[in-house]
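Each chain, written out:
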Amino acid sequence: MRHLIALCGLSLWSLIGQAGPLEAAREAELDNLLIQDCGSCHGSRLSGGLGPALLPDRLEGKSRAMLAQVIRDGRAGTAMPPWGPLLSDADIAWMVNRLLAGKE
Amino acid sequence: MKIETIRLNVSSGERHRLRTQIHEELRVVAVVLLMLLGLGFATFVQAAQTLRGSGDLAVIVERTSGAVQIVETSGNSAVGRVGGLGDLSHASVVYSRDQRYAYVFGRDGGLSKVDLLTQRLVKRVIQSGNGIGGAISQDGRLVAVSNYQPGGVRVFDATSLAPVADIAAEYAPGRLSKVVGLVDAPGQRFVFSLWDAGEIWMADMREPNRPVVRRFKDIGKHPYDGLITPDGRYYIAGLFGEDGMALLDLWHPDRGVRRVLSGYGKGEQVLPVYKMPHLEGWAVAGERAFVPAVGHHAVLVMDTHDWREVGRIPVHGQPVFVMARPDGRQVWVNFAHPRNDTVQVIDTDTLQVVNTLKPGKGVLHMEFEPRGEEVWVSVRDADQVQVYDTASARLRTTLSAAKPSGIFMSARAHRIGL
């Protein structure tokens, strides 16, 4: 029983964690993911490679919703995979903000 | 004798003066001789310390810091670091035939020539907007770079890095393709694949200024990389857009490109690919070739006589590099994100996974020492390069490196297609 309560508490905590703003540690993880893993196709400076450049001026005029959808679902017929299975909506929203803002 | 002669002709006062002078001169000569001897010895000692071969050196790409670390693989230690090489995401390296210089191909179109012995950047040119890889010609005189932007291959003089030829990958009027899978081939040729066009091109560079290009069309959708077998006979392009690979027999180019491993994923769900696999000449072990299945947790095995599939080995994740130990007895495999913390070892005789290692998150590359007793593994997120004994799969040494990716040993200088 005690285990069950602990488990419920844990899942509740992780739910809250998902809905709210990201923890600093998660942000660092996502930043690393962006530079290293997205970077393996888009360039570690996001200036393009097999995939297109993702610098702020290249993303101008594209809506947040559209960018989030491409990250979540990928693009059929291209090498862009769906990241939905690996990233939460909050993760993706953070990623979109980070891309639009460019490097800090 | 000379002193005797002087004695006969001069007075005693003068004699004394002369003697002193001679003593003085002798002393100076002695001091100078001693100094020269000392200098010679110092030079000798210095030479003994710095004179070394470069056949056991290697370069580790530190991709986010735009640097390469130079290491030696006899004692497994760091030798030096050369920075200022630009954007090194997806950087690769080829070697001059004297094994002294490393040519580093950067993502930002940079081509850098690094001296392994003095650990200096000799020359650097920005040859395109977006580069992806390179090759050195059979005779060692030409360095070719494959580019995404503008799509094509540019060829440079290996000594001066002066431009020699520009092969635009114009597959339709005004349309340039991204170029992947560039290798050198016997007969002073470069062979490469066109991602957007689905073609393989073979450039004859016997007249460096006037490349003769032969095109092979309709090889399949989106070739993602290419390899040439260690004997330089077969060029194989992996396809991302469909299940299969395109095979070109360079002994018989007139026979055209043949599809192999067609439909290997039939009936199975293709998984999202978070990291493009790579192909290198190491894939061949004896009479079998081992290649990654794109979008599947499997290594595919082909018989190199008829290029038919003879095996399918289930592995931990989607393979990125599938590398045969130089003696062909083992194949080591690393995997795509998010399963990139693992390396597996396949026995090439039984086609079974015999070992599963967990070096840490972000295993990006593996390189065997030329005779295969050790393998170097880059572990990006741990900022480490780990050296394993390949017989026991035990960790031997760990070196620190900043976000290491590719590891390239100078023994590549004498291998076709590397």
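A quick note: this is a predicted structure, and the numbers were derived from the prediction, not measured. (Residues numbered from 1 in each chain as written. Chains lettered and ligands numbered in written order. Predicted model: local features only at pLDDT ≥ 70, side-chain atom pairs only at ≥ 80, totals over all residues. Heavy atoms only, no water.)

Hey, could you run me through the packing of helix H2 (residues 24–42) of chain A against helix H5 (residues 89–101) of chain A in this one?
Helix packing for two helices is described by the angle between their axes and how far apart those axes are. Residues and elements named next belong to chain A. Where H2 contacts H5, the two axes come as close as 11 Å, and the packing angle between them is 60°. Viewed along their axes, H2 and H5 adopt a mutual orientation that is oblique. Classified by chirality, the crossing of H5 by H2 is right-handed. Two secondary-structure elements touch here, H2 through Arg26, Glu27, Leu30, Asp31, Leu33, Leu34 and Ile35 and H5 through Asp91, Trp94, Met95, Arg98 and Leu99. In terms of residue class, the contact of H2 with H5 is made up of 7 nonpolar, no polar and 5 charged. (Axes fitted to C-alpha atoms, helices over the stretch in contact; angles between N-to-C directions. Helix = DSSP H or I, 4+ residues; strand = E, 2+ residues; numbered from the N terminus. Parallel < 35°, antiparallel > 145°, perpendicular 65-115°, else oblique. Left-handed = near helix turned anticlockwise from the far one by under 90°. Contact = heavy atoms within 4.5 Å. Nonpolar A, V, L, I, M, F, W, Y, C, P; charged D, E, K, R; others polar.)

Sorry if this is basic, but what is going on with the sheet that holds strand S19 (residues 234–239) of chain B here?
In sheet architecture, strand pairing relies on hydrogen bonds along the backbone and comes in two forms, parallel and antiparallel. All names here are of chain B. Taken in spatial order, the 4 strands line up as S18-S19-S20-S21 in an open sheet, and their pairing is antiparallel. Lying at the two open borders of the sheet, with one neighbouring strand each, are strand S18 (223–228) and strand S21 (257–260). The mean inter-strand angle of the sheet, taken between neighbouring strand axes irrespective of direction, is 25°. Two strands pair when backbone bridges link them, and S19 and strand S20 (residues 245–249) are joined in this way by 5 bridges, in the antiparallel orientation. Considered in S20, the bridge of Tyr235 is made with Leu248. (Pairing = 2+ DSSP bridges.)

For this particular structure, what's the right way to read the interface of chain A and chain B?
On the side of chain B, 24 residues touch chain A, which itself brings 24 residues to the contact. Carbon and sulfur atoms supply 52% of the area that chain A and chain B bury against each other, a total of about 1,900 Å² over both sides. The largest contributions to the chain A side of the interface with chain B come from Gln36(A), Ser40(A) and Leu50(A), which together make up 31% of the buried area. Run the count over chain A and chain B and you get 1 salt bridge. The partner of Asp37(A) in a salt bridge is Arg380(B), with the nearest N and O atoms 3.7 Å apart. The tally of links from chain A across to chain B stands at 7 residue pairs in polar contact (both at pLDDT 80 or more). Residues of the side of chain A that touches chain B, tallied by class, amount to 10 nonpolar, 12 polar and 2 charged. (Buried area = accessible area lost by both parts, 1.4 Å probe. Salt bridge = Lys/Arg side-chain N within 4 Å of Asp/Glu carboxyl O. Polar contact = N/O pair within 3.5 Å; in protein donor to acceptor, adjacent residues only side chain to side chain.)

Can you help me understand the pattern of salt bridges in this one?
Residues and elements named next belong to chain B. Within the structure shown, the criterion is met by 26 salt bridges over all chains. A salt bridge links Arg312 to Glu309; its shortest N-O distance comes to 3.0 Å. The exposure class of Arg312 is partly exposed, given its relative accessible area of 37%. Residue Glu309 is classed as partly exposed on the basis of its relative accessible area of 33%. The salt bridge involving Arg396 is made with Glu374; its shortest N-O contact spans 2.5 Å. Here Arg396, found in strand S33 (residues 394–400), pairs with Glu374, found in strand S31 (residues 374–379); they are 22 residues apart in sequence, far enough to count as distant. Overall, Glu374 belongs to the buried group, its relative accessible area being 6%. (Buried < 20%, exposed > 50% of the residue type's maximum accessible area, 1.4 Å probe, protein only.)

Would you mind showing me how to read the nonpolar core here?
The nonpolar side chains of a soluble globular protein tend to be buried with one another. If you look at the biggest cluster of nonpolar residues, it comprises 30 residues, and the most contacted ones within it are Trp195(B), Phe240(B), Met245(B), Met302(B) and Trp307(B). Those residues within four positions of Met302(B) in sequence are excluded, and the remaining contacts are Met245(B), Val260(B), Leu261(B), Glu287(B), Arg288(B), Ala289(B), Val291(B), Trp307(B), Arg308(B), Glu309(B) and Val310(B). Counting 20 residues, the second-largest nonpolar core is a separate cluster that includes Leu30(A), Leu33(A), Leu67(A) and Leu87(A). (Core = buried A, V, L, I, M, F, W, Y, C linked by side-chain atoms within 4.5 Å.)

Sorry, what's going on with the side chain of Gln344(B) here?
As for its position among the elements, Gln344(B) is in strand S28 (residues 343–347). Within the structure, the side chain of Gln344(B) is placed 3.0 Å from the side chain of Thr356(B), a separation counted as a polar contact.

Explain the packing of helix H4 (residues 64–73) of chain A against H5(A) here, please?
Residues and elements named next belong to chain A. At a closest axis distance of 9 Å, the pairing of H4 and H5 adopts a crossing angle of 120°. Here H5 runs oblique to H4, going by the angle between their axes. Crossing of H4 over H5 shows right-handed handedness. Seen from H4, the contacting residues are Arg64, Leu67, Ala68, Ile71 and Arg72; seen from H5, they are Asp89, Ile92, Met95, Val96, Asn97, Leu99 and Leu100.

Teacher, can you tell me more about the environment of Val320(B) here?
All names here are of chain B. Here Val320 lies in strand S26 (residues 319–324). By relative accessible area, which is 1% here, Val320 ends up buried. The spacing of Val320 and Gly53 is 267 residues in sequence and 32 Å in space, taken between C-alpha atoms. Sequence-distant contacts of Val320, defined by excluding residues within four places in its chain, comprise Lys275, Met276, Pro277, His278, Pro292, Asn334, Phe335 and Ala336.

From the geometry alone we can't say anything about function, so treat these as descriptive.
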